[in-house]
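A look at the structure
Next come the chains, spelled out residue by residue.
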Amino acid sequence: MRTVAAKVDARTRILDSAEELFAENGYDACSTASIAKRAKVPKGLVFHYFPQKMDVLTALIDERTFVEVLPDEDVETVPGDPAGTLSRLARRFPLRASPAMRRILFREADTHRSARERLRRVNSEVVHRARRALELTMPGARGDAARLEVAAATFATVLLYQENLHQLTGQHVDPDAVAELIAHALLGP
């Protein structure tokens, strides 16, 4: 029993160390030796659990990020208030991950397929939720599917960009202001 706990503990320490190092310096700037050193395990043990360094990144993304998929019937709307509906939606951002894992996802998305795919899933979920919420909030606009799709995609883009911008600069884009802007564009003057 003690051996199983020690193995789980070593693997967890390796992932914890990799998460810290990848978030601080980026995947490419970290070696398996630095991960092993921070985890206080032999370098060979890193390769025992993760045959390639890429396997460490993939395990982090698979195990420490989660995209919440919301059924259509659970999308909360404020009837006749697209801005309020989008604001409410922004507060239920579907990516569940630590700040360090968010930084890793956005940093590594350009060069690592697993990070890019996870962000693609987040984007798809936000677009889907926003489009569905707008359809429910503005029933008369259903016939204008193209405008709703553009509004939903714009909203998703801003939310995802906000996540990245906040990680990089600390600057914050107010999702309520973005929701008002999109609603104004949809409702017209």
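Heads up: the structure comes first, above all this text.
Residues numbered from 1 in each chain as written. Predicted model: local features only at pLDDT ≥ 70, side-chain atom pairs only at ≥ 80, totals over all residues. Heavy atoms only, no water.

1. Some details on the pattern of salt bridges
- Counting across every chain of the model gives 18 salt bridges.
- Note that Arg64 is salt-bridged to Asp16, the shortest N-O span being 2.7 Å. With Arg64 in helix H4 (residues 53-64) and Asp16 in helix H1 (residues 2-25), this residue pair connects regions lying 48 residues apart in the sequence.
- The exposure class assigned to Arg64 is partly exposed, which follows from its relative accessible area of 23%. (Salt bridge = Lys/Arg side-chain N within 4 Å of Asp/Glu carboxyl O. Helix = DSSP H or I, 4+ residues; strand = E, 2+ residues; numbered from the N terminus. Buried < 20%, exposed > 50% of the residue type's maximum accessible area, 1.4 Å probe, protein only.)

2. Describing the packing of aromatic side chains
- By the definition in use, this model includes 2 aromatic pairs.
- Centre to centre, the rings of Phe22 and Tyr27 are 5.2 Å apart; their planes meet at 65°, and the pair counts as edge-to-face. Residues Phe22 and Tyr27 agree in their burial class; the two are buried.
- Relative to Phe50, the ring of Tyr49 has its centre 6.4 Å away and its plane inclined at 50°; by these criteria the two rings are tilted. Of the two residues, Tyr49 and Phe50, neither departs from the other in class, the shared state being buried. (Phe/Tyr/Trp six-rings, centres within 6.5 Å; stacked < 30°, edge-to-face > 60°.)

3. Observations concerning the packing of H4 against helix H7 (residues 113-137)
- At a closest axis distance of 9 Å, the pairing of H4 and H7 adopts a crossing angle of 20°. If you check the angle between H4 and H7, you find them roughly parallel. Read as a crossing pair, H4 and H7 show a hand that is left-handed. Contacts between H4 and H7 involve Thr58, Ile61 and Asp62 from the former and Ser114, Ala115 and Arg118 from the latter.
- Of the residues contributing to the contact of H4 with H7, the split by class is 2 nonpolar, 2 polar and 2 charged. (Axes fitted to C-alpha atoms, helices over the stretch in contact; angles between N-to-C directions. Parallel < 35°, antiparallel > 145°, perpendicular 65-115°, else oblique. Left-handed = near helix turned anticlockwise from the far one by under 90°. Contact = heavy atoms within 4.5 Å. Nonpolar A, V, L, I, M, F, W, Y, C, P; charged D, E, K, R; others polar.)

4. Here's the deal with the packing of helix H5 (residues 82-90) against helix H9 (residues 175-187)
- At a minimum axis distance of 8 Å, the contact between H5 and H9 shows a crossing angle of 145°. Crossing hand, H5 versus H9: right-handed. The segment H5 lies against H9, with Pro82, Ala83, Leu86, Ser87 and Ala90 engaging Pro175, Asp176, Ala179, Glu180, Ile182, Ala183 and Leu187.
- Looking at the contact of H5 with H9 residue by residue, the classes come out as 9 nonpolar, 1 polar and 2 charged.

5. Some remarks on the nonpolar core
- One finds Ile14, Phe22, Leu86 and Phe155 to be the most contacted residues of the largest nonpolar core, which totals 52 residues.
- Contact partners of Leu86, with chain neighbours within four places excluded, come to Ala130, Leu134, Phe155, Ala179 and Ile182. (Core = buried A, V, L, I, M, F, W, Y, C linked by side-chain atoms within 4.5 Å.)

6. A closer look at the side chain of Arg118
- Here Arg118 shows up in helix H7.
- Within the local environment of Arg118, its side chain forms a polar contact with the side chain of Thr65, the two groups lying 2.8 Å apart.
- Not counting residues up to four positions away in its chain, the partners in contact with Arg118 are Ile61, Asp62, Thr65, Phe66, Val67 and Leu105. (Polar contact = N/O pair within 3.5 Å; in protein donor to acceptor, adjacent residues only side chain to side chain.)

7. Looking at the side chain of Glu19
- Mapped onto the secondary structure, Glu19 falls in helix H1.
- In this view, Glu19 contacts Leu60, Arg64, Ser98, Ala100, Met101 and Ile104; residues no more than four positions away in its chain are not counted.

8. Examining the environment of Arg118
- With a relative accessible area of 10%, Arg118 lands in the buried category.
- Distance from Arg118 to Gly44, taken between C-alpha atoms, is 29 Å for residues 74 residues apart in sequence.

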